[in-house]
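This is what each chain is made of:
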Amino acid sequence: MFPRSADPLLVDELVERAAAAYKQCSGFRSVTTSVDALMGPSAKDGEIGWIMEADFDTLDDALAALHAESFESIKAATESLAPTLLLYEHREI
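Rules of the game
Numbers given for residues are sequential positions, taken from 1 along each chain in its written order. Local features in this predicted model are restricted to residues of pLDDT 70 or higher, and side-chain atom pairs are both shown and tallied only at a pLDDT of 80 or more, whereas totals for entire chains, interfaces and linings draw on every residue. Only hydrogens and water are removed before side-chain values are computed, so all heavy atoms of the structure are retained for them. When a residue's accessible area, from a 1.4 Å probe over protein chains only, is under 20% of the maximum for its type it is buried; when over 50% it is exposed; and in between it is partly exposed. Counting from the N terminus, the helices are DSSP H or I runs at least four residues long and the strands are E runs at least two residues long. In this context, the arc is that of the directions from the helix axis out to the C-beta atoms. Working definition of a nonpolar core: buried Ala, Val, Leu, Ile, Met, Phe, Trp, Tyr and Cys residues. They are joined through side-chain atoms within 4.5 Å. Two residues form a contact once any of their heavy atoms are found within 4.5 Å. Note on aromatic pairs: the rings of Phe, Tyr and Trp (six-membered ring only in Trp) are paired at centre separations within 6.5 Å, and the planes decide the class, stacked below 30 degrees, edge-to-face beyond 60, tilted for the rest.

Side note on helix α3 (residues 72–79)
Thinking step 1. Turning to α3, its buried residues number three or more, namely Ile-74, Lys-75 and Thr-78. For α3, the angular spread of buried residues about the axis comes to 100°, placing them on one side.

Quick look at the structure:
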C-alpha cells in the first residue's frame, strides 16, 4: 500500500517495473492495482493512495521474488516511499 503523499508518476513506474519483474519469477500468478480513490471506513484518513497486490503460488515463491537480485533496485526505490507491506497466505472459502 503506497502512501497518498507519494508521487503518482513514481508509484506508477514502480508498479510497472515490479509487475514486469514478478512476471519472470517462478510461481507468479498475477499483479493487480487499485483503481481511482480508495473507499470505505479505513480510507477515511486518506493515508493510503494506491494498493498493489502480487499473487504467487506459494509464500516461498513470493519471498524468492522479493529477494531476487534483479529486484533489488525496485525494492530500494519502493521502500524509499515508506509503503505498508503485507505478506500473507490465503485460502479460498
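Structural notes on the nonpolar core
Thinking step 1. If you look at the biggest cluster of nonpolar residues, it comprises 10 residues: Ala-18, Ala-21, Tyr-22, Phe-56, Ala-62, Ala-65, Leu-66, Ala-68, Phe-71 and Ile-74.
Thinking step 2. Looking at this core, the elements that each hand over two or more residues are α1 (8–22) and α2 (59–67).
Thinking step 3. Those residues in contact with Ala-65 that sit more than four places away from it in its chain are Tyr-22, Cys-25, Phe-56 and Phe-71.
Thinking step 4. Phe-2, Val-11, Val-15 and Trp-50 belong to the second largest nonpolar core, which has seven residues in total.

Section: α2
Thinking step 1. Of all the positions in α2, only Asp-61, Ala-62, Ala-65 and Leu-66 are classed as buried. The arc that holds every buried residue of α2, seen down its axis, measures 135°, which confines them to one face. Those residues of α2 that are exposed and aimed more than 90 degrees away from the buried face are Asp-60 and His-67.
Thinking step 2. Buried residues along α2 sit against α1, β4 (52–56) and α3.

With respect to the side chain of Thr-78
Thinking step 1. Tracing the chain through its elements places Thr-78 in helix α3.
Thinking step 2. In contact with Thr-78, not counting residues within four places along its chain, are Phe-2, Leu-14 and Pro-83.

Describing the environment of Ala-54
Thinking step 1. Position of Ala-54 among the secondary structure elements: in strand β4.
Thinking step 2. Assessed through its relative accessible area of 30%, Ala-54 is described here as partly exposed.
Thinking step 3. Taking the C-alpha atoms as reference, Ala-54 lies 8.0 Å from Tyr-22; in sequence the two are 32 residues apart.
Thinking step 4. With sequence-adjacent residues up to four places away left out, Ala-54 is seen in contact with Tyr-22, Ser-30 and Val-31.

Considerations on the packing of aromatic side chains
Thinking step 1. One pass over the structure, following the stated rule, counts three aromatic pairs.
Thinking step 2. Taking 5.2 Å as the distance between ring centres and 25° as the angle between the ring planes, the aromatic pair formed by Tyr-22 and Phe-71 counts as stacked. On the criterion of sequence distance, the pair formed by Tyr-22 in helix α1 and Phe-71 in the loop between α2 and α3 is long-range, its members being 49 residues apart. Grouping residues by exposure puts Tyr-22 and Phe-71 together as buried.
Thinking step 3. With 5.9 Å between their ring centres and 75° between their planes, Phe-28 and Phe-56 make a pair best called edge-to-face. Within this pair, whereas Phe-28 is found in strand β2 (residues 28–33), its partner Phe-56 is found in strand β4, the two being separated by 28 residues in sequence.
Thinking step 4. Accessibility expressed as a relative area gives 9% for Phe-56, which makes it buried.

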